[in-house]
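Take a look at the letters that make up each chain.
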Amino acid sequence: MRSIVRPLAMLCLFAGFALAQDQPPAQVGLQLTGLINSDAVGSSVTDHVTRSAGMRLSYTRFLNNRFGVEASYGYSRNKDIYTGSTIVTTRIQTNLNQVTAALFYRVPLHVAKLHPYALAGTGAMQFRPTGNVANPSGSANDNAGVLMYGGGADWDLTSRLGLKFDYRNLSYRAIDFFLPSLRVGAWAHLAEPSIGGF
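The rules behind the values
Residues numbered from 1 in each chain as written. Predicted model: local features only at pLDDT ≥ 70, side-chain atom pairs only at ≥ 80, totals over all residues. Heavy atoms only, no water. Core = buried A, V, L, I, M, F, W, Y, C linked by side-chain atoms within 4.5 Å. Buried < 20%, exposed > 50% of the residue type's maximum accessible area, 1.4 Å probe, protein only. Helix = DSSP H or I, 4+ residues; strand = E, 2+ residues; numbered from the N terminus. Contact = heavy atoms within 4.5 Å. Polar contact = N/O pair within 3.5 Å; in protein donor to acceptor, adjacent residues only side chain to side chain. Phe/Tyr/Trp six-rings, centres within 6.5 Å; stacked < 30°, edge-to-face > 60°.

Draft legend 1. Region of the structure containing the nonpolar core. Core analysis: the largest hydrophobic core is formed by 28 residues, its most contacted members being Tyr82, Met125, Phe127, Tyr172 and Val184. Those elements that provide at least two residues to this core are β6 (90–106), β7 (114–129), β8 (142–156), β9 (162–173) and β10 (187–197). Not counting the four nearest positions on each side in its chain, Phe127 is found in contact with Thr94, Asn95, Leu96, Ala140, Asn141, Asp142, Ala144, Tyr172, Ile175 and Phe177.

Shown next as structure tokens:
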């Protein structure tokens, strides 16, 4: 009996190591982002959001060689400027937090060290007015659901480190900070190019 148990235990141990080697990798990334908003126009009000820089932290778990899932958190600070024929120009400085989850697809392109990808998903953005004295009284935190799509490429520097370049487009309902006079009633679009590492 002992003669069977020892080889069987060794076989299980080596099989476990072999399976562990076949497990898909995970990737943690940190990127600098540029936030470029389009104006949202509607209800005789225009919401113009200033361009800004930010950061994004992401975690990608590859399910196999092509597909994975990604969760990310981004932060930036910008200013919404509302104009219109029926309102006084209003500026609101905000801290922008965004959380997204996406399906990640590696494009089967065989170029050494280059791994292009596409992704699509959803998430939420929270706009939190800062303590800036110019912000109107009564402005409150506002949240918006997000539809997100994009693409990019990873460039391997070593087996564990590399550069990440991507572009994402986020579509969301234009926010009003719960101030009825600022209600736009239209969709806003945020272009988000980025560069970073993993």
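Draft legend 2. Looking closely at the side chain of Ser72. Looking at the secondary structure, you find Ser72 in strand β5 (residues 67–84). Only 2.6 Å separates the side chain of Ser72 from the side chain of Thr100, close enough to count as a polar contact. If sequence neighbours within four positions are ignored, Ser72 has contacts with Arg56, Leu57, Ser58, Gln98, Val99, Thr100 and Arg168.

Draft legend 3. Structural detail: the side chain of Thr130. You can see Thr130 is positioned in the loop between β7 and β8. Owing to a relative accessible area of 14%, Thr130 belongs among the buried residues under this scheme.

Draft legend 4. Examining the packing of aromatic side chains more closely. Using the criterion set out here, one finds four aromatic pairs in the structure. Ring centres of Phe67 and Tyr105 lie 5.1 Å apart, and the angle between their planes is 50 degrees; this geometry places the pair in the tilted category. Taken together, the residues span a long stretch of sequence, with Phe67 in strand β5 and Tyr105 in strand β6 at a distance of 38 residues. Taking the relative accessible area as the measure of exposure, Phe67 reaches 36% and is therefore partly exposed.

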